[in-house]
Amino acid sequence: MTLPELALDLKDCRRCRLASGRTQVVFGVGNPHATIMFVGEAPGFYEDRQGEPFVGAAGRLLNELLEAVGLSRADVYIANVIKCRPPDNRDPLPDEVDTCKPFLFQQIELIKPKVVCTLGNFAIQTLCGKKIGIMKVRGQVFQVQEFFVFPMLHPAAALHQGNLNEPLREDFRKLKAFLDRPQEPAATVEQMNLFG
Ligand code: URA
């Protein structure tokens, strides 16, 4: 299976209730050979319309943060845990996450990034299979299977709560430091218990 084949497979997905309210499946975008992947929560209004993750206000902030550390959208791959917009942008329900997450893991397997940067609570909890709070683990590096996970705040959180803007920028500075010196020791997911 290739990434385009997986995208095609999901194009008309009706595995969960979100199929009935979406405009289209928002599969993911960017460099299919990226070493850095970003994972958000779910498409919002503009993403659902345009078929691309992070194209609304949170996406503009993400672009700015990427540029600030010398990256662009073309360098990285961007996807969400959930590929269809939940009605009124509500939080994804547990069964929706369970239905969609195998496809996120397939994307990761096909892209083979070195670092998966999770944005917000949903993405870190989905990738690590643990109910962990982003504030406890943000900015730290964890080893998951063959890749590192780097939990970051969600750009939308910083847009809604101004006091999270600087912490989000700090997460991106830490990401840059890690990318410049990737041999930094990483904790395992089991060791996450130490933090939260
Ligand atoms: N928020 C997300 O988590 N994903 C998007 O694609 C847009 C906003």
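Here the structure is a predicted model, which is why all the values come from computation and not from measurement.

Chemist: Even after reading the chapter, I still don't get the site of the ligand, so can you show me in this structure?
Modeler: Lining the immediate surroundings of the ligand are Gly40, Glu41, Ala42, Glu47, Pro53, Phe54, Asn80 and His154. Within the backbone of Ala42, a nitrogen or oxygen atom sits 3.1 Å from a nitrogen atom of the ligand. Within the side chain of His154, a nitrogen or oxygen atom sits 2.8 Å from an oxygen atom of the ligand. With the chains in place, 90% of the 230 Å² that the ligand exposes on its own is no longer accessible. Per-class residue counts for the shell around the ligand are three nonpolar, three polar and two charged.

Chemist: Would you mind going over the packing of helix H4 (residues 94–111) against helix H5 (residues 121–128) with me for this structure?
Modeler: Any two packed helices are characterised by how steeply their axes cross, that is the angle between the axes, and by the distance between the axes. Where H4 contacts H5, the two axes come as close as 11 Å, and the packing angle between them is 75 degrees. In this view, H4 runs roughly perpendicular relative to H5, as classed from their interaxial angle. On H5, the residues touching Val97, Lys101, Leu104, Phe105 and Ile108 of H4 are Phe122, Thr126 and Leu127.

Chemist: Hey, could you run me through the nonpolar core in this one?
Modeler: As a rule of thumb, nonpolar side chains are buried together in soluble globular proteins. Within the largest apolar cluster, 61 residues are counted, with the highest numbers of intra-cluster contacts made by Phe38 and Phe172. Looking at this core element by element, the count peaks at six residues for H4. Ignoring anything within four residues of it in the chain, the contact list for Phe172 reads Phe38, Leu62, Leu65, Leu66, Val69 and Met152.

Chemist: Just to check I follow, could you spell out the sheet that holds strand E7 (residues 187–188) for this structure?
Modeler: Backbone hydrogen bonds are what pair the strands of a sheet, in a parallel or an antiparallel way. Strand order in the open sheet formed by seven strands is E1-E3-E2-E4-E6-E5-E7, with mixed pairing between adjacent strands. Two strands close off the open sheet at either side, each with one partner strand: strand E1 (29–30) and E7. Sheet analysis places strand E5 (residues 142–144) next to strand E6 (residues 147–152), joined by three bridges and oriented antiparallel. For Gln143, the partnering residue across the bridge sits in E6 and is Phe148.

Chemist: Is there a simple way to explain the packing of helix H1 (residues 3–10) against H4 in this structure?
Modeler: With their axes 10 Å apart at the nearest point, H1 and H4 run at an angle of 165 degrees to one another. As the angle between them shows, H1 and H4 are arranged roughly antiparallel. Note that H1 runs across H4; the crossing there is left-handed. Seen from H1, the contacting residues are Leu3, Leu6 and Leu10; seen from H4, they are Phe103, Gln106, Gln107, Leu110 and Ile111. Here the contact of H1 with H4 is composed, by residue class, of six nonpolar, two polar and no charged.

Chemist: Explain unusual backbone geometry to me, please; I cannot follow it from the model alone.
Modeler: Both trends apply: most residues other than glycine have a negative phi, and most peptide bonds are in trans. We note that Asn89 has phi near 55 degrees; this positive angle belongs to a residue other than glycine. Secondary-structure assignment places Asn89 in the loop between strand E3 (77–80) and H4. By relative accessible area, which is 43% here, Asn89 ends up partly exposed. With phi around 55 degrees, Lys112 is a residue other than glycine that occupies positive phi space. In this structure, Lys112 sits in the loop between H4 and strand E4 (115–119).

Procedures and definitions
Residues numbered from 1 in each chain as written. Predicted model: local features only at pLDDT ≥ 70, side-chain atom pairs only at ≥ 80, totals over all residues. Heavy atoms only, no water. Near = heavy atom within 4 Å. Polar contact = N/O pair within 3.5 Å; in protein donor to acceptor, adjacent residues only side chain to side chain. Areas by Shrake-Rupley, 256 points an atom, 1.4 Å probe, with all protein chains shown as cover. Nonpolar A, V, L, I, M, F, W, Y, C, P; charged D, E, K, R; others polar. Axes fitted to C-alpha atoms, helices over the stretch in contact; angles between N-to-C directions. Helix = DSSP H or I, 4+ residues; strand = E, 2+ residues; numbered from the N terminus. Parallel < 35°, antiparallel > 145°, perpendicular 65-115°, else oblique. Contact = heavy atoms within 4.5 Å. Core = buried A, V, L, I, M, F, W, Y, C linked by side-chain atoms within 4.5 Å. Buried < 20%, exposed > 50% of the residue type's maximum accessible area, 1.4 Å probe, protein only. Pairing = 2+ DSSP bridges. Left-handed = near helix turned anticlockwise from the far one by under 90°.

Geometric values such as these leave the question of function open.
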